[in-house]
Amino acid sequence: QVHLVESGGGLVQAGGSLRLSCAASGIIFSINAMGWYRQAPGNQRELVATITSGGLINYADSVKGRFTISRDAAKNTVYLQMNSLKPEDTAVYYCKADVRTRIVRIVVDEFWGQGTQVTVSS
């Protein structure tokens, strides 16, 4: 029903920057929130940043001051600008969207993208 496609990952040196994007498509009535999560080898998936349809933003403490989340509501797209990258930022970054897919029923479903690899070398 709903597909999320991430892009922008890659290999960068410490101190560098990357900009991730995630576009949602499919059967979408509205999107309540979108966000970014990451998972490093051996670790659980953790929240990086989220943004609601009203513009409320939340960041993990580890990325505050370095990462910026933004959105283009008209395009159902969320972005993550990552600056001053550190080796510990290395992970697969996943996009998540909380989506209302039906007009006649207020039910919000959670959808995940396939992930994009971010590797930061020292």
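The following paragraphs examine the structure supplied in this document. Everything numeric here is computed off the predicted structure, so don't read it as measured data. Numbers given to residues run from 1 along each chain, matching the order in which its sequence is written. Confidence filtering applies because this is a predicted model: local features only for residues at pLDDT of at least 70, side-chain atom pairs given and counted only at 80 or more, and all residues used for totals across whole chains, interfaces and linings. Only hydrogens and water are removed before side-chain values are computed, so all heavy atoms of the structure are retained for them.

## Quick word on the pattern of salt bridges
Any Lys or Arg side-chain nitrogen located within 4 Å of an Asp or Glu carboxyl oxygen qualifies as a salt bridge. In the structure shown here, the tally under the stated rule is 6 salt bridges. In this structure, Glu110 engages Lys96 in a salt bridge whose closest nitrogen and oxygen atoms are separated by 3.6 Å. Within this pair, whereas Glu110 is found in strand β10 (residues 108–112), its partner Lys96 is found in strand β9 (residues 91–100), the two being separated by 14 residues in sequence. Where salt bridges share partners, they join Arg38, Glu46, Arg66 and Asp89 into one cluster. We count a stretch as a helix when DSSP gives it H or I for four or more residues in a row; a strand needs E for two or more, and each element gets its number in order from the N terminus.

## Thoughts on the environment of Asp89
Tracing the chain through its elements places Asp89 in the loop between β8 (77–82) and β9. For Asp89, a relative accessible area of 1% gives the class buried. Taking the C-alpha atoms as reference points, Asp89 and Val63, 26 residues apart in sequence, are found 8.8 Å from one another. Of note is the side chain of Asp89, whose polar atom sits 3.0 Å from the side chain of Arg38. Only protein chains enter the area calculation, which uses a 1.4 Å probe; residues under 20% of their type maximum are buried, those over 50% are exposed, and those in between are partly exposed. In protein, a polar contact means a hydrogen-donor-capable atom and an acceptor-capable atom, both N or O and within 3.5 Å, with residues adjacent in sequence counting only if both atoms are side-chain atoms; elsewhere, any N or O pair within 3.5 Å suffices.

## A closer look at unusual backbone geometry
In this model, Asn76 sits at a positive phi of 50°, which is unusual for a non-glycine residue. Given the relative accessible area of 24%, Asn76 is considered partly exposed. Unusually for a residue other than glycine, Ser84 sits at a positive phi of about 50°. Residue placement: Ser84 occurs in the loop between β8 and β9.

## Quick notes on the sheet that holds strand β7 (residues 67–72)
Spatially, 4 strands are ordered β1-β3-β8-β7 in an open sheet, and the strand pairing comes out antiparallel. With partners counted over all chains shown, the strands left at the sheet margins are β1 (2–7) and β7, one partner each. Averaged over all adjacent pairs, the angle separating strand axes in this sheet is 15°, with direction ignored. DSSP bridges decide pairing: two strands pair if at least two such bridges lie between them. Both strand β3 (residues 18–26) and β8 contribute to a ladder of 6 bridges, which runs antiparallel. Note on β8: the bridge partner recorded for Cys22 is Val78. Between the N-to-C directions of two axes lies an angle of 0 to 180 degrees, each axis being a line fitted to C-alpha atoms and, for a helix, fitted only over the stretch in contact.

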